Every structure is written in C-alpha cells, then in structure tokens.
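Geometric and topological summary
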Amino acid sequence: MSLFSEAQQVIAGGVNSPVRAFAGVGGDPVFFRSATGAWVEAEDGRKFIDYVGSWGPMILGHGHPAVLEAVTTTAQSGLSFGAPCVLETRIAEKICELMPAIEKIRMVSSGTEATMSAIRLARGHTGRDKIIKFEGCYHGHSDSLLIKAGSGALTLGVPSSPGVPAGLAEHTITLPFNDADALAAVFGELGSEIACVIVEPIAGNMNMVPPEPGFHDSLRRHCTDAGAVLIFDEVMTGFRVAKGGAQSLFGITPDLTTLGKIVGGGMPAAAFGGRADIMASLAPDGPVYQAGTLSGNPVAMAAGLATLELIDVAGFYESLAARTQQLVDGISRAAADNGIPLATECEGGMFGLVFSDDAVVRRFDQVAAADTDRFKTFFHGMLDEGVYLAPSAFEAGFVSAAHGDDEINATIAAARNVFANL
C-alpha cells in the first residue's frame, strides 16, 4: 500500500489541506521526511529543490540554525502556557516596527483565523455587515469568504461551499480583481453599508497577479470616503515581497493588516493588526470578541521573532529579489526558446508562472483561461528533474535566501529540458 493510500484510510482525503492531494496535477502526492536549506527530501529518498517553502514561511530556507536554536531553547522552558509571555510583546514590537500601519496587533494561530477575526473586527467597529472581496483572492476558509461572485457588479454573492449559509453570503460582494470601475459602482450604490474591503495586495492564490497602477489608491480613497475599513491580507506577501510588506511597495496605509506564514518562521502563527482605534474595539478593551488557546504560543513566537530579526538586515531583500529575478528570467528564456507562451511575474521572494498567450496577466479570467494541461505536464517533468513546485497552476512560488546559483541554474536547466518535450 502506498503512503497516500495508507493516509486515505484515516485522514479525510488523505491530506490535511486539499491542495496537497495533487488533485490539480494528477498522481499521488510526495511525502516528505526532512528539509534543509533550499532542499526537501522525500520518504523514498528523492531530493528536490524546493520552491514551495511550506507555502511561503521558509524565507530563510529550511532549518536555519538560528531559528532552530530559538525554537529548541524556548521549548525547553515549556511548550505552551495559555498565559502572557514576553516573547509575545517582543514579536509584536518587531512587527509594528517593520509595518508602521500596525499600531496594535493580536497574535493568532493561522491565516484563516487572522482574516476571519479582522473581518469580524471591521464589522463590529463600523456597525455594518457587508464586505467586499475580489475574485481569485483567497483569504482562508471562513464562511464569509467562501463566496463566489454573483451575476453582476451589484449582485451579492452565493456560497461556493456546502455548509456556508446563504444568509451570510448575502452580505459578501465579490468583484473582479483590478476592476476599479466595478469598485466605484458598488461604493456609489452601497457605500454606507460596507464594513470593509479585503484584498491580497498582490494576489497569490490565482498564481501571482499584481495590481494595476492606481487600483490600491482607489481602494484607499473609496474606503476613506465611505468610512469602511481597508484590510490588506498580507498573509502571503507580508515580509515576502518586501521588508515592509506589499503596502510599503505601493505606498498604501491599510486600516488593518493580516499576517501569517513568515511571522511564524515555519511554526503555526499569524496575526492581525492596524489602527489603534479599531483595535480598541477588540475584547477585552471593546465588545468584539476573539480568543485562542494557543495564540501567542511561545515556541511559535520564538521562531517568528528569530526569522524577522534575520531578514531585517541590509541587503537581504535586494539579494532575495535578484535571485528570484534570475530564476524567472531563466525560465522565461527557456520557454521562449522552445516557443512556449509563458507569462511571468516576480517581486521580492515571490514569483508566478502562467501558461498563457497573454504576455501580461492581471485578471482572474486570464488565469482561469490558462493552459492547465500544459502546467500539469510541466509540473511532473520538473518533479522528475528534481524540482518541487506548487502542485497547482493557481499558486505562486517562493524563493528563499538559501537558494544559491547552483540551485537557480539547476532549476533553469531542468525547465529547459522539460520545455523541450512539452
């Protein structure tokens, strides 16, 4: 019996998060047993250059000695207290230092928990119910966010998963990403009823799709004018695309920010924070309730703090961005040399590859029309060449500080070999 078949006997779907099941690419998922630097090792002994990085947290590479030391030292003093500890304050201070828009913060255990809590806070603070999200942006699996678009810009959403009440979906408006006109129309009609707008400042769950120039400025303007809360979901982009997150790249000050992945340094941790007056609506100071037994877990705080301190050094992001650009440029040339249309994006340590005839991809419908069959073949070809990419055509990829010239050049060579046979 295969490892996946064995897992399917006792784990729903054989995995603890759906994308791991390889449903988007076919075949059985690879089971890993160890990881070091830019490399992961499978249970069967195969080794791969890793561009998933635990879906983004491993910006320093796997098993960085300083992070491991912080984890092991902290764990020796106890795994969990369910009470305040100094490490919670220290990481909060560091995050607020790196992201000045965050004046107060609350630690949680997952990105889904962070976005769910931020939306509840926005609703409670404004006394409004309706929220705006964007097609192709993923903000976790809480009920308010598993909503697909209605039939028009002003049509409220319908549930996209069984178990989501239709009554809740009626309060969620889903708009096309990068469509400033649709945004203006909704605010013109419903502005006084909108509690918040939540957006991935760079979409990373429909591959990697940056904003159109001025799109985030329009978000900020409409929210300010209507008294709505602007939430930047930087669970993925936070400390990944720049030291100050995507908000620093675009010069936008959101009212609330959600964080995850890198803030846990590979351990389960996330956060939401922002304007002090909004955060004051949160219990115990205010009436909006949120709690978590393992929030601020000392081991996770130690891993996250060590990671944030290590990335806050001169030249770190310049070097990371150069490595990512080197990778994307090499893969792009290899595709072009073989006559394969491929749209590419990168920022900081994040990149996207879309098999599309469009040279520039900025909308969900462009991503949805991409050649997913070609991606499946490419994915398995790269796997055979010893390169592990996200097992979905709709996920971004990640480069770490541990990816050196050897790994980047080997990946480009692997892509060239695969493209020659596509």
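Look above for the structure.
Here is a short report on the structure shown in this document. Fair warning: this is a prediction, and the values are worked out from it, not measured in the lab.

In this section: the sheet that holds strand E13 (residues 343-347). On the basis of which strands lie adjacent, the open sheet formed by 3 strands has the order E13-E14-E16 and antiparallel pairing. Where the open sheet ends on each side, the last strands, each with one partner, are E13 and strand E16 (397-398). Inspection of the sheet shows strand E14 (residues 350-354) paired to E16 by 2 bridges, in the antiparallel sense. Among the inter-strand pairings, Phe351 is bridged to a residue of E16, identified as Gly397. Contacting E13 and E14, helix H11 (residues 316-337) runs over the sheet at an angle of about 175° to E13.

A word on the sheet that holds strand E4 (residues 104-108). One open sheet accounts for 7 strands, arranged E4-E12-E11-E10-E9-E5-E8; its pairing is mixed. A single partner strand is all that each edge strand has here, and the edge strands are E4 and strand E8 (172-176). Sheet twist, expressed as the average angle between the axes of neighbouring strands with direction ignored, equals 20°. Examined bridge by bridge, strand E9 (residues 194-199) and strand E10 (residues 229-234) share 4 bridges and lie parallel to one another. Looking at E10, one finds that Val197 is bridged to Leu230.

Before going further, it helps to spend a moment on the packing of aromatic side chains. Under the definition given, this model contains 13 aromatic pairs. Between Phe22 and Phe379 the ring centres are 5.3 Å apart and the planes differ by 80°, which places this aromatic pair in the edge-to-face class. Taken as a pair, Phe22 in the loop between helix H1 (3-8) and strand E1 (32-36) and Phe379 in helix H13 (residues 372-384) lie far apart in primary sequence, 357 residues in all. In this structure, Phe22 and Phe379 share a single accessibility class: buried. With 5.1 Å between their ring centres and 75° between their planes, Phe316 and Tyr317 make a pair best called edge-to-face. Ring-pair connections join several aromatic residues into one group, and the members of that group are Phe22, Phe375 and Phe379.

For strand E5 (residues 130-135), the tally of buried residues reaches 5 of 6 residues, placing the bulk of the element in the interior. For E5 and E9, the ladder comprises 3 bridges, and the chain directions are parallel. Along E9, the bridge assignment pairs Lys130 with Ile194. When E5 meets E8, the two strands line up parallel, connected through 5 bridges. Looking at the pairing, Ile131 lines up with Thr172 of E8.

On to the pattern of salt bridges, then. By the definition in use, this model includes 15 salt bridges. In this structure, the salt-bridge partner of Asp44 is Arg46, at a minimum N-O distance of 2.9 Å. Since its relative accessible area comes to 52%, Asp44 is described here as exposed. We classify Arg46 as partly exposed; its relative accessible area is 37%. Its salt-bridge partner being Lys94, residue Glu97 comes within 3.6 Å of it at the nearest N-O pair.

What counts and how
- Residues numbered from 1 in each chain as written.
- Predicted model: local features only at pLDDT ≥ 70, side-chain atom pairs only at ≥ 80, totals over all residues.
- Heavy atoms only, no water.
- Pairing = 2+ DSSP bridges.
- Helix = DSSP H or I, 4+ residues; strand = E, 2+ residues; numbered from the N terminus.
- Contact = heavy atoms within 4.5 Å.
- Axes fitted to C-alpha atoms, helices over the stretch in contact; angles between N-to-C directions.
- Phe/Tyr/Trp six-rings, centres within 6.5 Å; stacked < 30°, edge-to-face > 60°.
- Buried < 20%, exposed > 50% of the residue type's maximum accessible area, 1.4 Å probe, protein only.
- Salt bridge = Lys/Arg side-chain N within 4 Å of Asp/Glu carboxyl O.

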